[in-house]
Amino acid sequence: MAVACFNFNPVLSPLVPAPPGRRGRTAFLRPRAASPGPVACGAVVGRGGWRLAAAAEPQAVQEQPARTEVSGETAAAGPSEASSKLVLVVGGTGGVGQLVVASLLSRNIKSRLLLRDPEKAESLFGKQDESVMQVYKGDTRNPSDLDLQIFEGVTHVICCTGTTAFPSKRWDGDNTPERVDWDGIRNLVSALPQTIKRLIFVSSIGVTKYNEIPWSIMNLFGVLKYKKMAEDFVRNSGIPFTIIRPGRLTDGPYTSYDLNTLLKATAGERRAVVIGKGDKLVGEVSRLVVAEACIQALDIESTEGQIYEINSVKGEGPGTDPEKWKELFSSAQST
């Protein structure tokens, strides 16, 4: 197994996690018949996927000084980078997705959200100009919802949709693993233009071992099997991809749906990042770390065509430093 460790100091004071019933998963509705264009508002959400608890916590091997936290007004990306990207975020109102969107906004990177309920966007992110963030209404489970206009001008895609591993209220409305993690991903990837520079797909640890104990318990209703099927579909799509497999998700989802508050979120003491390959890494990871990994992978050439497992442990971390993230990813794939 190849593993790279680094210390992570997230950019985004801890918030109060939402009760289980409020953990969001992205599902989508049909676009307006008259005008499938963007809805003028902003939003964030994430995936409500399960994660297996750690059997053993790896230790960070290299500690770095804590980086100065960046406020929402500080852009980590320059204007030229912001103007060259249009990132489509699918699952942008879930636990990971809301942090992805908040981070993109803080970097002045233009985003486009595909949401079942576009009104969530404004309540989560405030009113955003369309030059900064656009919101489209749609449901990945329905191929007819994926109008070509949704993808017009999109350069990058971050997909972090998901549902619960076991039956719950979140399954209401046909939000099962098969429909969300397989049908939804297959429909989305099939609709993406081949001009996409990178697709970042958030999956799960354990997907290659869903017939083995203890993973088979978590896969009783097929969540790992369907995620693996989705991974294979992504890999065979011809679109440049990076797959991120998080450990059990921590930190959030948050009940304080406010952009300024989200930008102050931290991973507490667990900021050191551990990246592995081969689906052998077991542990947990802060949603903030996952969101940052997704954004960093967009521009790190060595991550193209790669699959990574990711955990976070006690220690400082790479924050938003691209060079430190590049070292993390490269070490994992060269070991």
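Our subject is the structure listed above.
These remarks concern the structure in this document.

About the thresholds
- Residue numbering note: each chain is counted from 1, following its sequence as written.
- Two thresholds apply to this predicted model, a pLDDT of at least 70 for residue-level local features and 80 or more for giving and counting side-chain atom pairs, whereas whole-chain, interface and lining totals are computed over all residues.
- Side-chain figures throughout are based on the complete set of non-hydrogen atoms in the structure, without hydrogens or water.
- Strands here mean DSSP runs of E at least two residues long; helices mean DSSP runs of H or I at least four residues long; both are numbered from the N terminus.
- Here's how the labels work: a residue is buried when its accessible area is under 20% of the maximum for its type, exposed when over 50%, partly exposed in between, all with a 1.4 Å probe on protein chains only.
- The method behind every accessible area is Shrake-Rupley, applied with a 1.4 Å probe, and residues are considered shielded solely by the protein chains displayed.
- Counting of polar contacts relies on pairs of N or O atoms within 3.5 Å, with two restrictions inside protein: one atom must be capable of donating a hydrogen and the other of accepting it, and residues adjacent in sequence are counted only when both atoms are side-chain atoms.
- By convention in these notes, a salt bridge is any Lys or Arg side-chain nitrogen within 4 Å of a carboxyl oxygen on Asp or Glu.
- At least two DSSP bridges between two strands are needed for those strands to be called paired.
- Working convention: axes come from line fits to C-alpha atoms, limited for helices to the stretch in contact. Angles between N-to-C directions cover 0 to 180 degrees.
- The scheme is simple: roughly parallel for angles under 35 degrees, roughly antiparallel for over 145, roughly perpendicular for 65 to 115, oblique for anything else.
- Less than a right angle of anticlockwise turn of the near helix away from the far helix marks a crossing as left-handed, whereas a clockwise turn marks it as right-handed.
- Note on contacts: a residue pair is in contact if any heavy atoms of the two residues lie within 4.5 Å.

### Focus: the overall build of the protein
When you go through the protein residue by residue, the secondary structure sums to 9 helices and 11 strands. Burial analysis of the protein (335 residues in total) assigns 60% to the buried set. Carbon and sulfur atoms form 50% of the exposed surface of the protein, whose accessible area is close to 12700 Å².

### Here's the deal with helix α8 (residues 287–297)
For α8, the tally of buried residues reaches 11 of 11 residues, placing the bulk of the element in the interior. Every buried residue of α8 is accounted for by Arg287, Leu288, Val289, Val290, Ala291, Glu292, Ala293, Cys294, Ile295, Gln296 and Ala297. Its side-chain oxygen placed 3.1 Å from the backbone nitrogen of Leu288, Ser286 serves as the N-cap of α8.

### So, the pattern of salt bridges
Applying the stated rule across the entire model yields 13 salt bridges. One network of salt bridges, with partners in common, ties together Asp174, Arg179, Asp183 and Arg186.

### Description of the pairing of strand β7 (residues 241–246)
In terms of residue burial, β7 counts as a mostly covered element, since 6 of its 6 residues are buried. Here β7 shows a buried face lined by Phe241, Ile243 and Arg245 and a second buried face lined by Thr242, Ile244 and Pro246. For strand β6 (residues 198–202) and β7, the ladder comprises 4 bridges, and the chain directions are parallel. Residue Phe201 lies in a different strand from β7, and its bridge partner there is Ile243.

### Topic: the packing of helix α2 (residues 97–106) against α8
α8 packs onto α2 with a crossing angle of 55° between their chain directions and a minimal axis gap of 9 Å. Classified by the angle between their axes, α2 and α8 sit oblique to one another. Relative to α8, the crossing made by α2 is right-handed. Residues Leu99, Val100, Ser103 and Leu104 of α2 form the contact with α8, whose participating residues are Arg287, Leu288, Ala291 and Ile295.

### Details of the environment of Val189
Among the secondary structure elements, Val189 is positioned in helix α4 (residues 177–191). Among the residues examined, Val189 registers a relative accessible area of 5% and is labelled buried. Linking Val189 and Leu199, residues 10 residues apart in sequence, is a C-alpha distance of 9.0 Å. What Val189 contacts, discounting residues up to four positions off in sequence, is Leu199, Phe233, Val234, Ser237 and Ile239.

### A few points about the environment of Leu288
Here Leu288 shows up in helix α8. Between the alpha carbons of Leu288 and Leu249 there is a distance of 9.5 Å; along the sequence they are 39 residues apart.

### What about unusual backbone geometry?
Following Ile213, the chain continues into Pro214 via a peptide bond in cis, with omega recorded as 0°. Along the chain, Pro214 falls in the loop between β6 and α5 (215–218). One non-glycine residue, Asp174, lies in positive phi territory at about 65°. Counting through the fold element by element, Asp174 comes out in the loop between β5 (156–159) and α4. One non-glycine residue, Asp279, lies in the positive phi region at around 55°. In this structure, Asp279 sits in the loop between β9 (272–277) and β10 (284–286).

Nothing here speaks to function; it is geometry throughout.
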